[in-house]
Amino acid sequence: MARLLSTGRLAAKITQRLSDFTRGSVGNCWQGIRMATSGEHTNRLINEKSPYLLQHAHNPVDWYPFGQEAIERAKRENKLIFLSVGYSTCHWCHVMEKESFEDETIAKVMNDNFVNVKVDREERPDVDRIYMSFIQMTSGGGGWPMSVWITPELRPIMAGTYFPPVDRWGQPGFRTILQRMADKWRRDSGELEGFSSSVVAAMQESLKMAENTSDDLAIEEKFKECTKIYKGRFDGVWGGFGHSPKFPEVSRLNFLLHAFLHAKIFLGKTDEDIFHSVSYTLEKICHGGIHDHVFGGFSRYSVDQKWHVPHFEKMLYDQAQLMTILCNSYRMRPRKLFLDVVDRVFEYMCSDLRESRGAFFSGEDADSFPTHASPEKIEGAFYAWLQSEIEEAFEENAGKLAEFSFNALEVFLHHYSAKEEGNVDHRSDPHGHLQSKNILMITGSVQKTAEHFKISVEELQKMLSIANEFLHGIRNKRPRPHLDVKMVCSWNGLVLTGLSKLASLKESSVQEDCGKVAGELFKFIQENFFDHEAGKLKRVCYSPSEQSTSNAPIYGFLDDYAFMIRGLLDYYEFSLREDVLLFAKDLQDIQDKLFWDAEKGGYFYTEANSDNLIVRMKEDYDGAEPSGNSMSVKNLLLLGGYFDSSDYRDKAKNTLKHFSAMSHFGYALPEMMSSALIHDTGVNEIVIVGPDNEASMEFVKVIREFYIPGLTIFRVNTDSAKEFAKIKKDTHKMLNNLPTVHICFNQTCLPPETSVDNVRRILAEKYTSRN
């Protein structure tokens with residue numbers, strides 16, 4: 001959740017005024033079933049590309065996309081704008097559509113009194129973040145669908161998330177709130193205009209951060225503070241931090257993995273508790289129901305503390321980030337579990353999320369039809385199993401299991417905790433949609449299951465693989481969840497990072513394929529995400545077959561640049577292709593031009609003078625995805641190392657300085673805290689000097705074995721050095737006419753090495769703290 005905006009008395013006053021309108025009606029706990037796909041109505045959204053907007057194109061609501069046409073009508077008719085924000089795989093968005101936006105009576109109230117605007121938060125995160133900040137400032141919470149009433153000047157006056165259609169439990173329903181807002185606007189529009197002005201003033205004031213007036217970033221103090229918080233919040237039984245619901249929080253796991261290496265510097269010793277919090281959390285996530293054991297990939301989060309019952313939507317950014325942390329953890333201390341799971345994530349993404357030209361779609365819905373004849377969708381229908389369905393599948397595929405001397409069905413049910421009565425706690429299933437169903441989950445391990453049945457781990461794993469393969473075939477005959485075919489720039493940048501990390505693991509069963517897929521994604525990025533005529537990244541891409549009368553591209557926001565630059569830097573580290581690194585530099589220069597705050601430091605989320613935005617935000621929280629500012633600090637440090645640029649280094653330092661005065665800096669911004677550690681010690685530089693031959697490549701392969709935060713790697717071909725590497729050619733030489741490695745870490749350079757074994761030993765001692 002983003003930082004709560006707060007301005008003391010004014011925020012409290014705004015909250016009280018919202019309570020007057022709604023009597024505390026903001027809710028987020030109503031179960032629904034399906035989304036509309038067709039109807040007798042057709043509105044303006046039919047001309048859009050966004051799957052989310054198209055889902056509402058046949059509502060009786062007179063929807064507009066966000067833009068000038070809607071705003072001008074609101075001004076002309078002096079009506080409030082009702083702004084509804086969501087995304088196509090959002091379960092509760094489907095609920096509110098079915099209950100309210102498909103209802104003719106409610107739609108008439110909306111059409112008669114408001115200009116109604118739909119926004120896909122994944123297409124327009126700039127709009128989403130402004131009004132979500134308003135909700136957080138006034139209620140302390142947030143979520144989707146987001147419902148906001150705004151003036152024709154786009155200033156918010158009332159907001160919430162999900163509203164039930166009618167009054168219940170002493171709370172007003174959506175229809176009641178609509179009528180109240182319309183009546184209030186007709187009677188007291190002047191008062192509401194003044195109120196909305198004070199709201200915007202409060203939001204603008206909240207964006208003024210406390211300044212660090214010293215050049216001292218107090219990194220050691222912040223390191224100790226945030227690691228103490230993490231230890232205090234760590235769930236020693238189930239992993240993760242805090243209680244339910246449980247999110248992977250990959251940014252925090254990434255920081256802790258880095259912090260484990262850094263502990264010797266600040267604490268004077270290795271802190272195994274830090275590493276355990278990462279490794280144990282990943283183990284529990286991989287074992288939990290949040291992980292799709294049948295085929296691969298991860299759901300968004302679990303509703304319980306045990307990682308068992310997920311919110312079933314599968315989002316691209318979760319797959320990408322979990323790929324990265326699993327690969328990095330494997331490099332730190334190899335575990336077959338992590339390697340097997342990340343290989344399956346890759347296979348899932350390529351099978352179910354990949355567009356034919358090489359980029360990746362946004363995600364899959366939580367909801368689906370239980371059967372092809374079902375009239376309504378429910379959450380989790382695609383993934384849950386009756387025990388009888390598993391038993392029938394084993395009976396039909398008995399021939400595939402004939403080689404095993406043990407009872408394969410018994411072992412499978414035990415391993416995944418499946419039961420005849422179902423294994424879902426009723427508290428995690430308040431509406432009974434998973435009654436008698438099983439969400440596969442490992443409460444032990446393959447080792448414990450093998451010991452229990454006195455069989456070998458190899459036999460067990462082979463049986464599980466065969467069984468999951470035929471269950472996957474059976475499951476694929478079920479109605480599939482909706483696929484959001486929007487390709488988001490920033491998320492594909494995260495994917496490029498994940499692919500690059502996995503393609504570097506020689507132990508991976510998909511290493512070669514992964515490298516090829518990463519190369520095809522890079523080509524797509526160059527040819528499709530980058531608008532060469534405008535000189536900018538595009539926020540979203542669609543397949544060529546997606547037709548639309550709206551041809552104006554949505555250009556990228558800060559995250560699109562920061563995440564894509566990081567992906568390119570990681571892909572360069574894998575491929576050592578000069579054009580990849582130069583493209584990253586070009587994008588960084590564009591980012592600096594479009595978003596840099598020359599006065600205060602750090603980056604704004606949007607370009608200056610963006611249309612129809614009431615505030616220019618600067619994000620300062622690492623949540624489901626890291627913030628663009630957090631990602632940018634490391635990007636700048638690495639590019640500063642590659643191109644010996646004081647400008648990049650200064651921007652990195654000024655961004656750190658701008659945000660470092662925040663309370664609990666390291667906990668709120670773990671990705672930036674990780675970058676601060678790199679800034680503190682300097683980038684880790686490795687230069688490989690030698691001809692383009694296998695002997696030189698052996699050193700590259702050794703380097704890929706290790707998790708090295710803040711790595712800059714130069715490959716100096718003595719026959720023809722790459723342009724950017726020429727700065728190293730005169731200062732870094734071969735010894736004895738042999739390929740030579742020069743290693744610098746913690747601002748100290750070691751003697752050159754010509755031995756592969758010596759380089760492996762040095763890296764093992766300095767970068768991974770392996771047992």
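Anything mentioned here points back to the structure above.
Notes on the structure follow.

What counts and how
- Residues numbered from 1 in each chain as written.
- Predicted model: local features only at pLDDT ≥ 70, side-chain atom pairs only at ≥ 80, totals over all residues.
- Heavy atoms only, no water.
- Pairing = 2+ DSSP bridges.
- Helix = DSSP H or I, 4+ residues; strand = E, 2+ residues; numbered from the N terminus.
- Core = buried A, V, L, I, M, F, W, Y, C linked by side-chain atoms within 4.5 Å.
- Buried < 20%, exposed > 50% of the residue type's maximum accessible area, 1.4 Å probe, protein only.
- Salt bridge = Lys/Arg side-chain N within 4 Å of Asp/Glu carboxyl O.
- Contact = heavy atoms within 4.5 Å.
- Axes fitted to C-alpha atoms, helices over the stretch in contact; angles between N-to-C directions.
- Lys, Arg positive; Asp, Glu negative; His and termini not counted.
- Polar contact = N/O pair within 3.5 Å; in protein donor to acceptor, adjacent residues only side chain to side chain.
- Expected span 1.5 Å × (residues − 1).
- Bend = angle between axes of the 7 residues up to and from the residue.
- Parallel < 35°, antiparallel > 145°, perpendicular 65-115°, else oblique.
- Left-handed = near helix turned anticlockwise from the far one by under 90°.
- Nonpolar A, V, L, I, M, F, W, Y, C, P; charged D, E, K, R; others polar.

1. A few points about the sheet that holds strand S8 (residues 314-315)
Next up, step 1: The sheet built from three strands is open, its strands ordered S8-S9-S12 with antiparallel pairing. What marks the edges here is a single partner per strand, and that holds for S8 and strand S12 (483-484).
Next up, step 2: Summarising the sheet, strand S9 (residues 363-364) and S12 pair through two bridges and their orientation is antiparallel. Paired with Gly363 across the bridge in S12 is Asp484.

2. Re the nonpolar core
Next up, step 1: Among the nonpolar cores identified, the biggest contains 145 residues, and Leu499, Leu587 and Leu763 are the most heavily contacted of them.
Next up, step 2: Of the residues forming this core, the biggest block, 11 residues, is contributed by helix H19 (residues 558-575).

3. Points about the pattern of salt bridges
Next up, step 1: Within the structure shown, the criterion is met by 51 salt bridges.
Next up, step 2: With a shortest N-O distance of 3.3 Å, Glu705 and Lys506 are connected by a salt bridge. Pair noted here: Glu705 is in the loop between helix H25 (694-703) and strand S18 (711-717) and Lys506 is in the loop between helix H17 (489-503) and helix H18 (511-529), with a separation of 199 residues, a long-range link.
Next up, step 3: Owing to a relative accessible area of 16%, Glu705 belongs among the buried residues under this scheme.
Next up, step 4: Measuring nitrogen to oxygen at the nearest pair gives 3.9 Å for the salt bridge that ties Arg761 to Glu765. One end of the pair is Arg761 and the other is Glu765, both in helix H27 (residues 756-768) and four residues apart, which spans about a single turn.
Next up, step 5: Taking the relative accessible area as the measure of exposure, Arg761 reaches 40% and is therefore partly exposed.
Next up, step 6: It is possible to trace a salt-bridge network through shared partners that takes in Arg44, Asp62, Glu69, Arg73, Glu77 and Lys79.

4. Focus on the environment of Phe195
Next up, step 1: Secondary-structure assignment places Phe195 in helix H7 (residues 174-206).
Next up, step 2: Once the C-alpha coordinates of Phe195 and Pro156 are considered, the two residues, 39 residues apart in sequence, prove to be 9.0 Å apart.

5. Notes on the sheet that holds S18
Next up, step 1: Ordered in space as S18-S17-S19-S20, the four strands form an open sheet in which the pairing is mixed. Two strands close off the open sheet at either side, each with one partner strand: S18 and strand S20 (748-749).
Next up, step 2: When strand S19 (residues 740-745) meets S20, the two strands line up antiparallel, connected through two bridges. By the bridge assignment, Phe745 is partnered in S20 with Thr748.
Next up, step 3: Each of strand S17 (684-690), S18 and S19 touches H25; the most contacted strand, S17, lies at about 160° to it.

6. Remarks on the side chain of Asp343
Next up, step 1: Locating Asp343 in the fold gives a position in helix H12 (residues 336-353).
Next up, step 2: Buried and unpaired, Asp343 has no salt bridge, with Lys336 as the nearest side chain of opposite charge at 8.1 Å.
Next up, step 3: A polar contact is formed between the side chain of Asp343 and the side chain of Ser508, at a distance of 2.7 Å.

7. What about H7?
Next up, step 1: The end-to-end C-alpha distance of H7, which contains 33 residues, comes to just 30 Å, noticeably less than the 48 Å that a straight helix rising 1.5 Å per residue would cover.
Next up, step 2: For H7, the principal kink sits at Asp188 and spans about 100°.

8. Observations concerning the pairing of strand S4 (residues 146-150)
Next up, step 1: When you tally the buried positions in S4, you get five out of five residues, the bulk of the element.
Next up, step 2: With burial as the criterion, each face of S4 is covered, one bearing Met146, Val148 and Ile150 and the other bearing Ser147 and Trp149.
Next up, step 3: One ladder, built from five bridges, connects strand S2 (residues 80-86) with S4; its direction is antiparallel. By the bridge assignment, Ile81 is partnered in S4 with Ile150.
Next up, step 4: Pairing of S4 with strand S5 (residues 156-160) involves four bridges; the strand directions are antiparallel. If you follow Ser147 over to S5, its bridge partner there is Gly160.
Next up, step 5: Linking S4 back to S5 in an antiparallel pair, the connection comprises five residues, with Leu154 at a positive phi of about 75°.

9. Brief notes about the packing of H17 against H19
Next up, step 1: Packing of H17 against H19 brings their axes to within 7 Å, and their N-to-C directions diverge by 20°. In this view, H17 runs roughly parallel relative to H19, as classed from their interaxial angle. As H17 packs across H19, the resulting crossing turns out to be left-handed. Listed contacts from H19 to Cys489, Ser490, Asn492, Gly493, Leu494, Leu496, Thr497, Ser500, Lys501 and Ala503 of H17 are Asp559, Asp560, Phe563, Met564, Arg566, Gly567, Leu568, Asp570, Tyr571, Glu573 and Phe574.
Next up, step 2: The residue makeup of the contact of H17 with H19, split by class, is nine nonpolar, six polar and six charged.

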